[in-house]
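Structural description and commentary
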Amino acid sequence: MEEKRKNDYIDLVQIFKKVSARKRLFLITLPVAFVLSSLYIICIPRYYITDIKLAPEVENPMSGGTLGSIASTFGFDLSAMQSTDAISPMLYPDLMEDNGFVTKFFDFKVESADGEIKVNYHDYLLYHQQHPWWAYVTQWLRDLMPKKKEQTVVSGDGQFNPYVLPKTEDDVVEAIKRKITLDVDKKTGVITATIKDQDRLICKTIADSVRSQLQAFITDYRTNKARVDLEYYKKLAAEAKHDYERARQLYGSYSDANTDVVLQSFRSKQDDLENDMQLKFNTYSVLSTQLQQAKAKVQERTPAFTLLKGANVPIKPAGPKRMLFVLGMLFLTFLGTIAYILKEDLKAMMKQA
């Protein structure tokens, strides 16, 4: 019984003696780990991170009262459920999953901090990215393999189709998705866009581009029906104006040609033309009023945006944390070496367990 109790305790002194007896092993493993981890992490390109915070106006006809306050403490936003919008702010991060939204960044002009790179974002990601040396080796091996020539896929009308992309373009889209992250605070509705890039000025430029794209999308969505109604009333008002002007010209011509005529039949036709002109004028007047209302509706539906935090040009790179990585690898190597030295004891403990 006493022997079993002794086995339940870990003899730290004995462990220290075993580790000390093979301390030369640490003089081999730790320097090797230091050199290998340093060589690895130096090859990883540095990157910068910046972010913006944007608060769009949200249509919220119902406040939710006390129930909304209670729900917000559990992370639920009842205002988004009560909004008449089909797309709530909680769904905005899903825009980065849509190729149609992501490919709009292709044509944005970017310039590096040193001024040596001045291209669009598509070409920057395709031709001006730094990669570790093994990525170039892998690409070289891929180039040795025979492959079919890629062709840009276009739609039936000859336009670029963002949903049918060749491999090269799809890789660029996936790279943009990895570099841009959207997040929405469930309680406040604040949209945070985080951008990661190898150049600090381009990082800030893309952050501003994300803000403009988000504002354009939200504005287009919120005003879509109002703009459709506006175009409809523009068409009706233009047709009504044309009909009125035509009726006015017809009435004026008939009146000028029959000024001295006293026959009742001519007077009756003149009255009919005048009544028809008046009706068309009333129609044109009503449609003009509705057209002005439609214009006001577009302005009313246009959301306001509050920029809570603008994107700044980062000064220091956000990663990789080279010193922390090397220290972490040394610590893991140290633990692994101890485990190797005590492997027999560990096996015995596992068997007893």
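Keep in mind that this is a model prediction, so the values were computed, not measured.

This part is about the overall build of the protein chain. Within the protein chain, the secondary structure is distributed over 14 helices and six strands. Going through the 353 residues of the protein chain one by one, you find that 30% of them count as buried. Long-range contacts, defined here as pairs at least 24 residues apart, represent 77% of the contacts in the protein chain between residues at least 6 apart. Summing over all exposed atoms, the protein chain offers an accessible surface of approximately 23,900 Å²; the carbon and sulfur share of this is 57%.

What follows deals with helix 11 (residues 224–257). For helix 11, built from 34 residues, the straight-helix expectation of 50 Å at 1.5 Å per residue is met to within 8% by its first-to-last C-alpha distance of 50 Å. For helix 11, the set of buried residues is Ala226, Leu230, Ala237, Ala240, Tyr244, Ala247, Tyr251, Tyr254 and Ser255.

Moving on, we come to the sheet that holds strand 5 (residues 191–197). Strand order across the open sheet formed by four strands is 4-5-1-6, with antiparallel pairing between neighbours. Edge positions in the open sheet fall to strand 4 (180–184) and strand 6 (305–309), since each of these has one partner strand only. On average, adjacent strands in this sheet sit at an angle of 25° to one another, irrespective of strand direction. Packed on one face of the sheet, helix 9 (residues 167–179) meets strand 4 and strand 5 and runs near 45° to strand 4. Contacts from helix 10 (residues 200–222) reach strand 1 (48–56), strand 4, strand 5 and strand 6, with the element oriented near 20° to strand 1.

Core analysis: the biggest nonpolar cluster contains 32 residues, and Tyr121, Ile176, Ile180, Ile195, Ile206 and Val210 have the highest contact counts within it. Taken together, the elements giving at least two residues each to this core come down to helix 6 (99–102), helix 7 (121–127), helix 9, strand 4, strand 5 and helix 10. Residue contributions to this core peak at seven residues, all from helix 10. Apart from the residues lying within four places of it in its own chain, the contact partners of Val210 are Phe105, Ile180, Leu182, Ala193 and Ile195. Among the nonpolar cores identified, the runner-up in size contains eight residues, and Ala226, Ala240, Ala294 and Val298 belong to it.

With that settled, consider the packing of helix 3 (residues 24–43) against helix 13 (residues 322–341). The geometry of helix 3 relative to helix 13 is characterised by a closest axis approach of 9 Å and an angle of 150° between their N-to-C directions. Taken together, the axis directions place helix 3 and helix 13 in an arrangement best described as roughly antiparallel. Handedness of the helix 3/helix 13 crossing: right-handed. Counted together, Leu25, Phe26, Thr29, Leu30, Ala33, Phe34, Ser37, Ser38, Tyr40, Ile41 and Ile42 of helix 3 and Arg322, Phe325, Val326, Met329, Leu330, Thr333, Phe334, Thr337, Ile338, Tyr340 and Ile341 of helix 13 form the full contact between these two elements. When the residues that make up the contact of helix 3 with helix 13 are grouped by side-chain class, the tally is 16 nonpolar, five polar and one charged.

It is worth spelling out the packing of aromatic side chains at this point. Per the stated rule, a full pass over the model turns up eleven aromatic pairs. Here the aromatic cluster, defined as three or more aromatic residues joined through ring pairs, consists of Tyr40, Trp133, Trp134 and Phe325.

Under the criterion given, the structure shown has ten salt bridges. With its nearest N and O atoms 2.6 Å apart, the salt bridge here joins Lys309 to Asp51. Of the two residues, Lys309 sits in strand 6 while Asp51 sits in strand 1, which places them 258 residues apart along the sequence. What makes Lys309 partly exposed here is its relative accessible area of 31%. Here Glu231 makes a salt bridge to Lys234, at a shortest N to O gap of 3.8 Å. Note that Glu231 and Lys234 are positioned in helix 11 at a spacing of three residues, about one turn of the helix. For Glu231, a relative accessible area of 49% gives the class partly exposed.

Attention now goes to the environment of Gln290. If you trace the backbone, Gln290 turns up in helix 12 (residues 264–301). A relative accessible area of 28% places Gln290 in the partly exposed class. Note: C-alpha distance between Gln290 and Tyr233 (57 residues apart in sequence) is 7.0 Å.

A cis amide bond, omega 0°, links Gly319 with the succeeding residue Pro320. In this fold, Pro320 is placed in the loop between strand 6 and helix 13.

In this section: helix 10. Taking 1.5 Å as the rise per residue, helix 10 with 23 residues should run 33 Å; its terminal C-alpha atoms sit 33 Å apart, in good agreement. Put simply, Asp199 is the residue that caps the front of helix 10, since its side-chain oxygen is 3.0 Å from the backbone nitrogen of Leu201.

This paragraph deals with the confidence of the model for the protein chain. In this model, the protein chain carries an average pLDDT of 84, and 84% of its residues clear a pLDDT of 70 or more. Residue range residues 61–67 is modelled with pLDDT below 50. Its contacts to residues more than four positions away, or to other chains, number seven contacts. Below a pLDDT of 50 lies the segment residues 78–83, which in the model reaches twelve contacts outside its immediate sequence neighbourhood of four places, other chains included.

Relative to the helices and strands, Thr219 resides in helix 10. Separated by 2.7 Å, the side chain of Thr219 and the backbone oxygen of Gln215 make a polar contact. Excluding residues within four positions of it along the chain, Thr219 makes contact with Thr302, Pro303 and Phe305.

On strand 4, burial follows the alternation: Ile180, Leu182 and Val184 on one face are buried, whereas Thr181 and Asp183 on the facing-out side are not. Where strand 4 and strand 5 come together, five bridges link them in antiparallel fashion. The residue bridging Leu182 from the neighbouring strand is Ala193, located in strand 5. Once strand 4 ends, the chain turns through six residues before running back antiparallel as strand 5, passing Gly189 with a positive phi of about 75°.

The rules behind the values
- Residues numbered from 1 in each chain as written.
- Predicted model: local features only at pLDDT ≥ 70, side-chain atom pairs only at ≥ 80, totals over all residues.
- Heavy atoms only, no water.
- Helix = DSSP H or I, 4+ residues; strand = E, 2+ residues; numbered from the N terminus.
- Buried < 20%, exposed > 50% of the residue type's maximum accessible area, 1.4 Å probe, protein only.
- Contact = heavy atoms within 4.5 Å.
- Areas by Shrake-Rupley, 256 points an atom, 1.4 Å probe, with all protein chains shown as cover.
- Expected span 1.5 Å × (residues − 1).
- Pairing = 2+ DSSP bridges.
- Axes fitted to C-alpha atoms, helices over the stretch in contact; angles between N-to-C directions.
- Core = buried A, V, L, I, M, F, W, Y, C linked by side-chain atoms within 4.5 Å.
- Parallel < 35°, antiparallel > 145°, perpendicular 65-115°, else oblique.
- Left-handed = near helix turned anticlockwise from the far one by under 90°.
- Nonpolar A, V, L, I, M, F, W, Y, C, P; charged D, E, K, R; others polar.
- Phe/Tyr/Trp six-rings, centres within 6.5 Å; stacked < 30°, edge-to-face > 60°.
- Salt bridge = Lys/Arg side-chain N within 4 Å of Asp/Glu carboxyl O.
- Polar contact = N/O pair within 3.5 Å; in protein donor to acceptor, adjacent residues only side chain to side chain.
- pLDDT = per-residue confidence, 0-100.

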